[in-house]
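Here are the chains, one letter per residue:
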Amino acid sequence: MKKGKIIFLNGTGSTGKSTLAKTLQSRLDEPFYHLSVDGIFGIWPEKFIRLNPEKTVSIALTALNHTIKTYSDRGINVIADYVFLEGDGKDYTATGMGSDNMGECVFLLHEHEVLFVHVTCPLDELRRREKGRGDRPIGNAEKMLSQLCPKDTYDITVDTFDNTTEECADRIIELLGKPEKHTAFKTLWEQRGK
């Protein structure tokens, strides 16, 4: 079975990833399913998130990572909406629940067709959007910005402040049709342990 395509959106909260994912879904000529890290918030058991938040979140994120792979393995196209903050992608091994989500995703997906997209906007705009949302702790996006990884290994970067969501989607759709240029996950795989 042919694997489904994966558009992997990575950026801090409030950069516009979810809006961009919905725009892509409406514009693409074939179905893409939106799997979001935000989608796992609220599904975990509250009792255990209080008792052991790191383990509880790690279990949910690992399940999300494997879900992305399972969809693609079944021929289903995916838009993954994520924030990579932990590790640098070099230390993940397949020996259990790693806390390095980027490393785990690269391990699971480096042989898949992944278009890795960095979604960004200026810090002042992040602050404005975060405040306007009212559903996130103020300062969270700024904190994520300094922890976001990788810093520079992407297939494309889109700025949702300098460009409209539609313009960002146009650039992604154009590159989606050029799978030979989807090399970031393969590069990250080759760089592991170096």
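Residues numbered from 1 in each chain as written. Predicted model: local features only at pLDDT ≥ 70, side-chain atom pairs only at ≥ 80, totals over all residues. Heavy atoms only, no water.

Colleague: Would you mind showing me how to read the overall build of the protein here?
Modeller: Helix and strand content of the protein: eight helices and five strands. Mapped from its N terminus to its C terminus, the protein presents α and β elements in the order β-α-β-α-α-β-α-β-α-α-β-α-α. Taking all 194 residues of the protein together, the buried fraction comes to 46%. Contacts in the protein between residues far apart in sequence, at least 24 positions, make up 76% of those at least 6 positions apart. Accessible surface, the protein: about 10,200 Å² in total, of which carbon and sulfur atoms supply 52%. (Helix = DSSP H or I, 4+ residues; strand = E, 2+ residues; numbered from the N terminus. Buried < 20%, exposed > 50% of the residue type's maximum accessible area, 1.4 Å probe, protein only. Contact = heavy atoms within 4.5 Å. Areas by Shrake-Rupley, 256 points an atom, 1.4 Å probe, with all protein chains shown as cover.)

Colleague: Just checking my understanding: could you explain the packing of aromatic side chains for this structure?
Modeller: Each pair of aromatic rings is reported with the distance of its centres and the angle of its planes. Taken as a whole and judged by the stated rule, the model has ten aromatic pairs. Seen in terms of ring centroids, Phe116 and Phe185 are 4.9 Å apart; in terms of plane orientation they differ by 80 degrees. Their pairing is edge-to-face. Of this pair, Phe116 sits in strand E4 (residues 114–120) while Phe185 sits in helix H8 (residues 184–191), placing them 69 residues apart in sequence. A residue is classified by how much of its surface remains accessible, and Phe116, at 0% relative accessible area, is buried. (Phe/Tyr/Trp six-rings, centres within 6.5 Å; stacked < 30°, edge-to-face > 60°.)

Colleague: What's the story with the layout of surface pockets in this structure? I'm lost.
Modeller: To find leftover empty space, a probe the size of one water molecule is rolled over the atoms. The volume enclosed by the largest pocket comes to roughly 800 Å³. Around the largest pocket, the lining is made up of 30 residues, and of these Val37, Asp38, Phe41, Val83 and Met144 lie nearest the centre. Of all the secondary-structure elements, those providing two or more residues to the lining of the largest pocket are helix H1 (17–27), helix H3 (53–73), strand E3 (77–82), helix H5 (123–133) and helix H6 (140–147). Across the lining of the largest pocket, the residue classes tally to ten nonpolar, eleven polar and nine charged. (1 Å grid on protein atoms, 1.4 Å probe; cavity = no way out; pocket = protein on both sides within 12 Å on 5 of 7 lines; lining within 4 Å. Points joined across faces, edges and corners; volume = space filled by probe spheres on them. Nonpolar A, V, L, I, M, F, W, Y, C, P; charged D, E, K, R; others polar.)

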